[in-house]
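# Summary of the model geometry
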Amino acid sequence: DEVDDAAVFLYIFRTVSSEYTSDFFAELTTDQQELIINSFTDKQLIELLENSFADDIVDTLEEMPANVVSRVLKACPADLRKDVNNLLNYKENTAGSVMTTEYLDMKDTLTVKEALKIIRQRGKDAETVYTVFVRDSKRNLKGTINLDDLIFADDDETLDNVMDRDFVTCNVNDDQEEVANMFKRYDLNAMAVVNNENKIIGIITIDDVVDIIVEEATED
């Protein structure tokens, strides 16, 4: 029953490393998530949040009571709290509301060797390492590179020379259903979200699109 389920969930989260439970947490129902949050100490909550992506946290908070939202935001590390607040302020069902801010973006002047070193350093904190987004010094999106193309490129080549300049983006205010259609149309794994000045501010991954399709089908 529900009480037994709650006990099992709490046991899992108290005994398994938060490095592994953060993805599991994102798949639970809102009631189950709220139960866990309310049962956690601040230290346990911070450990869970540090291993979660901002877009997953936003998905959780959108269904939570105000007091729970306040506690979660207070527990978030400063940089993560900023990302979560930014996402919470975007209009519901837009690209901005479902994007993640944990992605790999690199300057076009970097070499392939330097880029691979950054992936090794930062890759675990990114939503995906399979697509790298290339920008200039003013954060204008210039191109994308798939990880397999990067691995087989010459170490001394600059990203500007090996990146794909023919890429697809969506605007932060685009409807999420249209974004999902773009993924299907262009067979994408990840897509950059840009503002009205064409500056990259986040990405949407295929995992996010699956969630959108399920949500839209449920509404229909």
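Cut-offs applied
Residues numbered from 1 in each chain as written. Predicted model: local features only at pLDDT ≥ 70, side-chain atom pairs only at ≥ 80, totals over all residues. Heavy atoms only, no water. Pairing = 2+ DSSP bridges. Helix = DSSP H or I, 4+ residues; strand = E, 2+ residues; numbered from the N terminus. Axes fitted to C-alpha atoms, helices over the stretch in contact; angles between N-to-C directions. Core = buried A, V, L, I, M, F, W, Y, C linked by side-chain atoms within 4.5 Å. Buried < 20%, exposed > 50% of the residue type's maximum accessible area, 1.4 Å probe, protein only. Contact = heavy atoms within 4.5 Å. Parallel < 35°, antiparallel > 145°, perpendicular 65-115°, else oblique. Left-handed = near helix turned anticlockwise from the far one by under 90°. Nonpolar A, V, L, I, M, F, W, Y, C, P; charged D, E, K, R; others polar.

Let us look at the sheet that holds strand 3 (residues 141–146). As summarised here, the arrangement of the three strands in space is 1-2-3, forming an open sheet in which the pairing is mixed. The open sheet terminates on both sides in strands that have one partner only, identified here as strand 1 (105–107) and strand 3. Strand-to-strand twist of the sheet, defined as the mean angle between neighbouring strand axes without regard to direction, takes the value 30 degrees. Judged from the three bridges that link them, strand 1 and strand 2 (residues 131–135) form a sheet pairing that is parallel. Each residue of the ladder has a partner; that of Asp 105, found in strand 2, is Phe 133.

A word on the nonpolar core. Core analysis: the largest hydrophobic core is formed by 40 residues, its most contacted members being Ile 36, Leu 49, Val 72, Val 84, Cys 170 and Ile 204. The element that contributes the greatest number of residues to this core is helix 6 (residues 66–75), accounting for five residues. Ranked by size, the runner-up nonpolar core spans 17 residues in total, among them Ile 118, Ala 126, Ile 145 and Leu 147.

Quick look at the environment of Leu 88 now. One can find Leu 88 in helix 7 (residues 78–88). By relative accessible area, which is 29% here, Leu 88 ends up partly exposed. With sequence-adjacent residues up to four places away left out, Leu 88 is seen in contact with Val 58, Leu 61 and Glu 62.

Relative orientation of the contacting elements helix 3 (residues 30–39) and helix 6 amounts to 55 degrees, with a least axis distance of 11 Å. With respect to helix 6, the element helix 3 is oriented oblique. In this structure, helix 3 meets helix 6 at a crossing whose hand is left-handed. In this structure, helix 3 contributes Glu 34, Ile 37 and Asn 38 to the contact, and helix 6 contributes Val 68, Arg 71 and Val 72. Taken together, the residues of the contact of helix 3 with helix 6 sort by class into three nonpolar, one polar and two charged.

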